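A look at the structure
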Protein chains: 2
Amino acid sequence: MNCDTKRIGNQTVKMKNPPKIITTYSMVGPKEGEGPLGKYFHEVVKDDTLGKESYEKAESELFYQTVIKAIESASLKEEDINYIFAGDLLNQLTSTCFAARDFNIPFFGLFGACSTMTESLSLAAMMIDGGFADYTIAATVSHFSSSERQFRFPLEYGSVRKPTSQWTVTGAGAMLLGKEGNFPEVTHITTGLVKDYGIKDSNNMGAAMAPAAVDTIVKHLEDTGRGEKYYDAIVTGDLGKVGKEITLQLLEKQGYNIRDIYYDCGDLIFDDEKQGTNSGGSGCGCSASVACSYFYGKLINKEIKKLLLISTGALMSPTSTQQGESIPGIAHAVSIEFNDNGGEK
Amino acid sequence: MNCDTKRIGNQTVKMKNPPKIITTYSMVGPKEGEGPLGKYFHEVVKDDTLGKESYEKAESELFYQTVIKAIESASLKEEDINYIFAGDLLNQLTSTCFAARDFNIPFFGLFGACSTMTESLSLAAMMIDGGFADYTIAATVSHFSSSERQFRFPLEYGSVRKPTSQWTVTGAGAMLLGKEGNFPEVTHITTGLVKDYGIKDSNNMGAAMAPAAVDTIVKHLEDTGRGEKYYDAIVTGDLGKVGKEITLQLLEKQGYNIRDIYYDCGDLIFDDEKQGTNSGGSGCGCSASVACSYFYGKLINKEIKKLLLISTGALMSPTSTQQGESIPGIAHAVSIEFNDNGGEK
């Protein structure tokens, strides 16, 4: 039996049987816990080393615990999960892969930089709607200290940050998807193209990623035939203060006004002035932790019904930057709706 | 309309309508061209810099050209391809992502180290069988010089290689999948777990990966209920001479004798003694280039009908090794069969 095509437009698919996001879990570090969204996260760790001897091992532990707790909160076991889609920012996905050796879950490693939350969510949803899985997990993580060491300088160096710089979030988020139940569901997925607009300043990733976010948002709206006002919230991952404003302006130029419904996880997660985070939060764990807590919570509480989540990634490496390359960006959009059917299971 | 479940066993899915591998393309460097499989590759470049100013940019160009030529040889255009699944060994997937900015193809970045060929093939096939795509591409690349710099030492250092070391292949492979036609097809996919058996020697990756390969092969045979003799060829990605022998012995201990039908791309691609490649080839491009040329060719020529392809990845990074970690491995298996229906389109 062949499924009818689910493709609508060039970059978008519509789910035949929208997979449900049954549980989420989010864990963040102390700084994130002290930010404006502190009370929304499932767990705030007091020590961002989690008792481990390196930041990379800490990041791995953060990821591991987040995934395990997402499974537990669904009253499921590891053996029930058919696939895990996950990735992180570290070279060779160190934190994700090392945590995954302690799971008995078939593993697909992804790299989408900070777009990993919606990249993984896209594939996790398609596995279920495609008939390949009953339960899947989409998860990702980042850690401020391991990222600083890898992308910029070790903390001990005490380098000065630019106003456009963003602060990599120490945080992880996991979403557990299934086929049934009265939960928010994934309805559409718009997969991004890699877009490069010539930005070279790796201290201004918001500006590099904003065009990719705009490109995917516009394609999503065109492919679905929806106006921007269809959504109660359009949320990008980590464009931060600078990237957020660029995004609004670029969308307005194309005739889309989302100012009243637009949020950016990087812009929300810190109080930039008080916490010294310049242009806001970034990292895979940024959209992951905020989406899995704050925005999923808004859906569950029925404060919003229709969410468009767009995690955004800056696909550069220290090597590419040193070789004078510009910074390509990518953004993947997932439409999540909660059509509460009053407890029907 | 919901599809019947395609799951058989814990780690395996069976395609409802097996996607067809319509074309492949493979490009390799001069050393690979001089090896035993030289005449099978679609293209051998004379200069492994491809005229670019860095090895990373050369690797990116190799990947770009391979994908474009796979599309052209199917008489298709970029716009016809719904998704590309791709990855490489470099930090932040530098070569793949930078090439992808020149494609207008929705992009999913993957990291599975040297398992990327079958990781990408798995997802590319599932997208079609799941009803999300008409055409997809699975592709990957590696480059000796960029890998040496990243994982070991710059070439100028002149370091001495251990007998168990492998030689990263300069090569790329792309497979283009579609729904119809008289072509080899993907029938089953067994997705691997991340397995860590405590090997710490990053100069002996074959030993680290062999247990993961064995685990996936055994799971595949158990899940499908097939004996090992079902297949005409069981092919691993890059276990090399050392890893290949370990694999055979580990399988024999579990009651599977595949000695007569077992091949390893890393073991085949070089003449280790003449070419000084110690324990054989490795890298994403190893299984990709050899599978896309030599083994795909054997299917097309009907020398074999049933192929089990298992790309194998060693999921360590220089950072993890320096922190005293062992080397986790992963292997993804894809069953490819050519049931030639006599030209029916």
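Given the structure is predicted, the values throughout are model-derived calculations rather than measurements. Numbers given to residues run from 1 along each chain, matching the order in which its sequence is written. Numbering of ligands from 1 and lettering of chains from A proceed in the order in which they are written. Only residues with pLDDT of 70 or above have their local features reported here, since the model is predicted, and side-chain atom pairs are shown and tallied only from 80 upward, although totals for entire chains, interfaces and linings are computed over all residues. In computing side-chain values, all of the structure's heavy atoms are included and hydrogens and water are not.

Focus: the overall build of chain A
Under the convention used in this document: Strands are runs of DSSP state E lasting at least two residues, helices are runs of H or I lasting at least four, and both sets are numbered from the N terminus onward. Using C-alpha atoms as the atom set, the radius of gyration is obtained and then compared with a globule rule of 2.2 Å times the number of residues to the power 0.38. Buried residues are those whose accessible area, probed at 1.4 Å on protein chains only, stays under 20% of the maximum for their type, while exposed residues exceed 50% and partly exposed ones sit between those limits.
From N to C terminus, chain A includes 11 helices and 15 strands. Its C-alpha atoms give chain A a radius of gyration of 18 Å, near enough to 20 Å, the size a compact globule of 345 residues would have. Expressed along its principal axes, the backbone C-alpha trace of chain A runs to roughly 60 × 50 × 35 Å. The proportion of buried residues among the 345 residues of chain A is 67%.

A look at the packing of aromatic side chains
Residue and element names in this part refer to chain B. Heads up, the condition is: When two rings of Phe, Tyr or Trp (its six-membered ring) have centres within 6.5 Å they constitute a pair, described as stacked for plane angles under 30 degrees, edge-to-face for angles over 60, and tilted for the intermediate range. Charges are assigned to positions over rings by a cutoff of 6 Å between ring centre and Lys NZ or Arg CZ, combined with an angular limit of 35 degrees from the ring normal.
Applying the stated criterion across every chain yields a total of 20 aromatic pairs over all chains. Look at tyrosine 64 and phenylalanine 103: their rings are 5.0 Å apart centre to centre, the planes differ by 15°, and that puts the pair in the stacked class. Placement of the pair is tyrosine 64 in helix α2 (residues 55–73) and phenylalanine 103 in the loop between α3 (94–100) and β6 (107–109), with a sequence separation of 39 residues. A relative accessible area of 1% places phenylalanine 103 in the buried class. Positioned over the ring face of tyrosine 262 is lysine 244, at 5.8 Å from the centre of the ring.

Remarks on the relation of the copies chain A and chain B
Formally: When the copies are overlaid, the least-squares fit takes in C-alpha atoms only where the residue has pLDDT of at least 70 in both copies. Whether two residues are in contact is decided by their heavy atoms: any pair within 4.5 Å suffices.
For these two chains of identical sequence, chain A goes onto chain B by a turn of 180° and a shift of 0.0 Å along the axis, with RMSD 0.0 Å. Here the two chains are linked by the operation of a two-fold rotation axis. Most of the interface of chain A is mirrored in chain B, where 100% of its interface residues again form contacts.

Focus: the nonpolar core
For clarity, the cut-off: Each nonpolar core is a collection of buried residues, namely Ala, Val, Leu, Ile, Met, Phe, Trp, Tyr and Cys, held together in the definition by side-chain atoms within 4.5 Å.
With 98 residues, the main nonpolar core has A:Met126 and B:Met126 as its most contacted residues. Apart from residues lying up to four places away in sequence, A:Met126 is in contact with A:Val13, A:Met15, A:Ile189, B:Tyr83, B:Phe108, B:Met127 and B:Phe132. Counting residues in hydrophobic clusters, the runner-up holds 76 residues, among them A:Val45, A:Ile84, B:Val67 and B:Ala100.

Thoughts on unusual backbone geometry
All names here are of chain A. A positive phi angle, near 50°, is found at leucine 50, a position not held by glycine. Mapped onto the secondary structure, leucine 50 falls in the loop between β4 (43–44) and α2 (55–73). We note that alanine 113 has phi near 50°; this positive angle belongs to a residue other than glycine. Along the chain, the position of alanine 113 falls in the loop between β6 (107–109) and α4 (116–129). By relative accessible area, which is 2% here, alanine 113 ends up buried.

Concerning the side chain of A:Ser147
Inspection of the secondary structure puts A:Ser147 in helix α5 (residues 144–151). Excluding residues that lie within four positions of it along the chain, A:Ser147 makes contacts with A:Leu89, A:Arg152 and A:Thr168.

Regarding the environment of A:Met209
Residues and elements named next belong to chain A. Structurally, methionine 209 is set in helix α6 (residues 205–224). As a C-alpha pair, methionine 209 and phenylalanine 107 span 102 residues in sequence and 28 Å in three-dimensional space. Residues contacting methionine 209, with those up to four places away along its chain left out, are Asp238, Leu239, Thr312, Gly313 and Ala314.

So, the interface of chain A and chain B
Stated formally: Salt bridge, as used here: a side-chain nitrogen of Lys or Arg that lies within 4 Å of a carboxyl oxygen of Asp or Glu. For the purposes of these results, a polar contact is taken to be a pair of N or O atoms within 3.5 Å, where, inside protein, one atom must be able to donate a hydrogen and its partner to accept one; residues adjacent in sequence count only when each atom of the pair is a side-chain atom. All amino acids are sorted into three groups, where Ala, Val, Leu, Ile, Met, Phe, Trp, Tyr, Cys and Pro are nonpolar, Asp, Glu, Lys and Arg are charged, and the leftover types, Gly among them, are polar.
Between chain A and chain B, the contact holds 69 residues from the first and 69 residues from the second. A salt bridge links B:Asp196 to A:Arg101, with the nearest nitrogen and oxygen atoms 2.5 Å apart. For the interface between chain A and chain B, the tally reads 16 residue pairs in polar contact (both at pLDDT 80 or more). When residues of the side of chain A that touches chain B are traced back to their parent elements, those giving at least two are α2, β5 (83–88), α3 (94–100), β6, α4, α5, α11 (318–322) and β15 (329–337) of chain A. Considering every element that reaches the side of chain A that touches chain B, the biggest residue donor is α4(A), with six residues. Counted by class, the side of chain A that touches chain B contains 31 nonpolar, 24 polar and 14 charged residues.

So, the side chain of B:Ser289
When you line up the elements, B:Ser289 lands in helix α10 (residues 284–300). Engagement of the side chain of B:Ser289 in a polar contact is seen with the backbone oxygen of B:Gly285, the distance being 2.7 Å.

Looking at helix α10 (residues 284–300) of chain A
All names here are of chain A. For the record, the criterion: Multiplying 1.5 Å by the residue count of a helix minus one yields the expected span of that helix.
The terminal C-alpha atoms of α10 lie 23 Å apart, and with 17 residues this matches the ideal 24 Å at 1.5 Å per residue to within 8%. Across the 17 residues of α10, 16 count as buried, placing the element largely inside the fold. Looking at the residues trailing α10, positive phi occurs at lysine 302, about 65°.

Quick word on the pattern of salt bridges
Counting across every chain of the model gives 35 salt bridges over all chains. With its nearest N and O atoms 2.8 Å apart, the salt bridge here joins A:Lys57 to A:Glu53. The shortest N-O distance in the salt bridge between B:Lys6 and B:Asp129 comes to 3.0 Å. Here B:Lys6, found in the segment before β1 (7–8), pairs with B:Asp129, found in helix α4 (residues 116–129); they are 123 residues apart in sequence, far enough to count as distant.

Observations regarding the packing of α6(A) against helix α7 (residues 240–253) of chain A
Residue and element names in this part refer to chain A. Stated precisely, the cut-off is as follows: For helices, the fitted line uses only the C-alpha atoms of the stretch in contact; every axis is such a line through C-alpha atoms, and the angle between N-to-C directions lies from 0 to 180 degrees. Here the angle decides the label: under 35 degrees means roughly parallel, over 145 means roughly antiparallel, 65 to 115 means roughly perpendicular, and every other value means oblique. Left-handed is the label given to a crossing in which the near helix is rotated counterclockwise from the far helix by less than a right angle, and right-handed is the label when the rotation is clockwise.
Packing of α6 against α7 brings their axes to within 8 Å, and their N-to-C directions diverge by 40°. Relative to α7, the element α6 is oriented oblique. For the element pair α6 and α7, the recorded crossing hand is right-handed. Counted together, Gly206, Ala207, Ala210, Pro211, Val214, Ile217 and Val218 of α6 and Gly243, Ile246, Thr247, Leu250 and Leu251 of α7 form the full contact between these two elements.

A look at the confidence of the model for chain A
In plain terms, the rule: Scored from 0 to 100, pLDDT reflects the predictor's confidence in each residue.
Mean pLDDT over chain A: 92, with 98% of residues reaching 70 or higher. For this predicted complex, the interface score ipTM comes out at 0.95, while the overall pTM is 0.96.

Here we look at α4(A)
A turn of α-helix holds 3.6 residues, and therefore any two residues three or four places apart point the same way. For α4(A), which comprises 14 residues, the first-to-last C-alpha distance of 20 Å matches the rise-based estimate of 20 Å (1.5 Å per residue) to within 8%. The first or second residue beyond α4(A) is A:Gly131, which carries a positive phi of 90°.

Digging into the pairing of strand β14 (residues 306–314) of chain B
All names here are of chain B. As a reminder, the rule being used: At least two bridges found by DSSP between two strands is the condition for calling them paired.
Among the nine residues that make up β14, eight are buried, leaving the element largely enclosed by the rest of the structure. Inspection of the sheet shows strand β11 (residues 233–236) paired to β14 by four bridges, in the parallel sense. Following the sheet pairing, valine 235 is matched in β14 by leucine 309. Both β14 and strand β15 (residues 329–337) contribute to a ladder of nine bridges, which runs antiparallel. Note that in β15 the partner of leucine 307 across the bridge is isoleucine 336.

Overview of the environment of A:Glu53
Here A:Glu53 lies in the loop between β4 and α2. Residues A:Glu53 and A:Tyr263 lie 210 residues apart in sequence; the distance between their C-alpha atoms is 36 Å.

Regarding the pairing of strand β9 (residues 171–178) of chain A
Residue and element names in this part refer to chain A. With respect to burial, β9 is a largely interior element, eight of its eight residues being buried. Every second residue of β9 is oriented toward a common face, with Gly171, Gly173, Met175 and Leu177 on one face and Ala172, Ala174, Leu176 and Gly178 on the other, all of them buried. Inspection of the sheet shows strand β3 (residues 20–28) paired to β9 by eight bridges, in the antiparallel sense. Along β9, the bridge assignment pairs threonine 23 with leucine 176. With seven bridges joining them, strand β7 (residues 136–142) and β9 adopt antiparallel strand pairing. Across the sheet, valine 141 pairs through a bridge with alanine 172, a residue of β9.

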